[in-house]
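# Close look at the chain arrangement
Okay, here's what each chain looks like letter by letter:
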Amino acid sequence: MDIISQLQEQVDLIASLAFNTIGTLQRDAPPVRLSPNYPEPPANPTEDFADQPKLMSAALVKAAKQFDALVAALPLAEGGEEAQLKRIAELQAENDAVGQELQRQLEAAEKELKQVQELFSQATDNCLNLKKPD
């Protein structure tokens, strides 16, 4: 798998972890009294809630570090914008040459196919024109 695809998968993983972390915190966080004017919120004991944020944040940090490692593995652009544009032009010229060669091969294959179809047609006509001996 190429590095760009790995980066895309890592971004998806980070987004998924963040989404799940926030959702879990919203769902499982114990209620807090916002003001003395409000009544005390009901106790909602949740098991292992103190460990959940630590585990989730560790997973997010790990995913972010893997993303950073992938970014660091990207090749550096050499020579600046002009060199990159020159390389793009070279690759485009190479692509055009290969495309022309493929077009020539396609035309030759179509011509050969037409010849084979004509020969097949002649062979079937000859077979149909043959009469059984009496």
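Residues numbered from 1 in each chain as written. Predicted model: local features only at pLDDT ≥ 70, side-chain atom pairs only at ≥ 80, totals over all residues. Heavy atoms only, no water.

### A few points about the environment of Asn20
Within the secondary structure, Asn20 is located in helix 1 (residues 3–28). Along the chain, Asn20 and Met56 lie 36 residues apart, while their C-alpha atoms are 8.6 Å from each other. (Helix = DSSP H or I, 4+ residues; strand = E, 2+ residues; numbered from the N terminus.)

### Topic: helix 2 (residues 51–72)
An ideal rise of 1.5 Å per residue puts 32 Å on 22 residues; helix 2 measures up with 32 Å between its terminal C-alpha atoms. Within helix 2, the full set of buried residues consists of Met56, Ala63 and Leu70. Relative to the axis of helix 2, the buried residues are bounded by an arc of 40° and lie together on one face. Turned more than 90 degrees from where helix 2 packs its buried face, Lys54, Lys62, Lys65 and Ala72 sit exposed. Residues of helix 2 that are buried sit in contact with helix 1. (Expected span 1.5 Å × (residues − 1). Buried < 20%, exposed > 50% of the residue type's maximum accessible area, 1.4 Å probe, protein only. Arc of directions from axis to C-beta. Contact = heavy atoms within 4.5 Å.)

### Thoughts on the pattern of salt bridges
For the coordinates displayed, the defined rule picks out three salt bridges. Asp28 is the salt-bridge partner of Arg27, the closest N and O atoms lying 2.7 Å from each other. Of the residues examined, Arg27 reaches a relative accessible area of 59% and is grouped as exposed. Looking at Asp28, the relative accessible area reads 15%, which means it is buried. (Salt bridge = Lys/Arg side-chain N within 4 Å of Asp/Glu carboxyl O.)

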